[in-house]
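Take a look at the letters that make up each chain.
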Amino acid sequence: MAEKQLLKIKKLREEAVLPERKTPGSAGYDLCACIAGDFTIEPGELVILPTGLAAEIPEGCAGMIFTRSGLGVKHGIAVGNGVGVIDSDYRGEIHVGLRNNSQIAYTVSPGDRIAQLIVMPVCLPEVVEIEELSETERGAGGFGSTGI
């Protein structure tokens, strides 16, 4: 039987909230803001908020920080760089970059769920330089080349 993988988390501050999946079918672990008081993100503003946590991502995986769908769709609050990546050898504090894409200021309170962490396997093939790539039906066709 394969050994159970563990997501090892270290609290860097007592008030930090451990990541948690809210339902058995949840893919992501909620990441919460570890801040001293309410923090307002103005329209168009990009901020970086601490979680108060460090993690040991299993080898062969990466931690991906995604927008929480409710924050993104209802409030325009999204992970600022699209998807954050936590490498398996990173041991520092996890921070979440958030951008307010709406026209309304949004206030984050201590302990609010601000993003979700999904641990995913990564493929790490060896890089080899070659002279020619194999042929495919699509070839070099780019954006929109296969239709709408």
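Keep in mind it's a predicted model, so treat the numbers as computed, not measured.

Rules behind the numbers
- Residues numbered from 1 in each chain as written.
- Predicted model: local features only at pLDDT ≥ 70, side-chain atom pairs only at ≥ 80, totals over all residues.
- Heavy atoms only, no water.
- Helix = DSSP H or I, 4+ residues; strand = E, 2+ residues; numbered from the N terminus.
- Rg over C-alpha atoms; globule rule 2.2 N^0.38 Å.
- Buried < 20%, exposed > 50% of the residue type's maximum accessible area, 1.4 Å probe, protein only.
- Contact = heavy atoms within 4.5 Å.
- Areas by Shrake-Rupley, 256 points an atom, 1.4 Å probe, with all protein chains shown as cover.
- Lys, Arg positive; Asp, Glu negative; His and termini not counted.
- Charge placed at Lys NZ, Arg CZ, Asp CG, Glu CD.
- Pairing = 2+ DSSP bridges.
- Axes fitted to C-alpha atoms, helices over the stretch in contact; angles between N-to-C directions.

Regarding the overall build of the protein chain
In step 1: Of the regular secondary structure elements, the protein chain holds one helix and 10 strands.
In step 2: Along the chain direction, N to C, the helices and strands of the protein chain fall in the order β-β-β-β-β-α-β-β-β-β-β.
In step 3: Whereas a compact globule of 148 residues would reach a radius of gyration of roughly 15 Å, the protein chain reaches 19 Å, over 25% beyond that.
In step 4: Seen through its principal axes, the protein chain has C-alpha atoms that stretch 55 × 45 × 30 Å.
In step 5: With 148 residues in all, the protein chain has 30% of them scored as buried.
In step 6: Sequence separation of 24 or more characterises 73% of the internal contacts of the protein chain that already satisfy a separation of 6 or more.
In step 7: Of the roughly 10,100 Å² of accessible surface on the protein chain, a fraction of 53% belongs to carbon and sulfur atoms.
In step 8: Counting 13 positive and 20 negative side-chain charges, the protein chain places the centres of these two groups 12 Å from one another.

Details of the sheet that holds strand β1 (residues 8–11)
In step 1: Strands sit in the order β1-β4-β8-β6 across an open sheet of four strands; the sheet is antiparallel. Only two strands of the sheet have a single partner each, and these edge strands are β1 and β6 (77–79). Averaged over all neighbouring strand pairs, the angle between strand axes comes to 45°, with direction disregarded.
In step 2: Taken together, the three bridges between β6 and strand β8 (residues 93–100) define a ladder with antiparallel strand orientation. What sits directly across from Ile-77, in β8, is Asn-100.

Any link to function would need more than the numbers given here.
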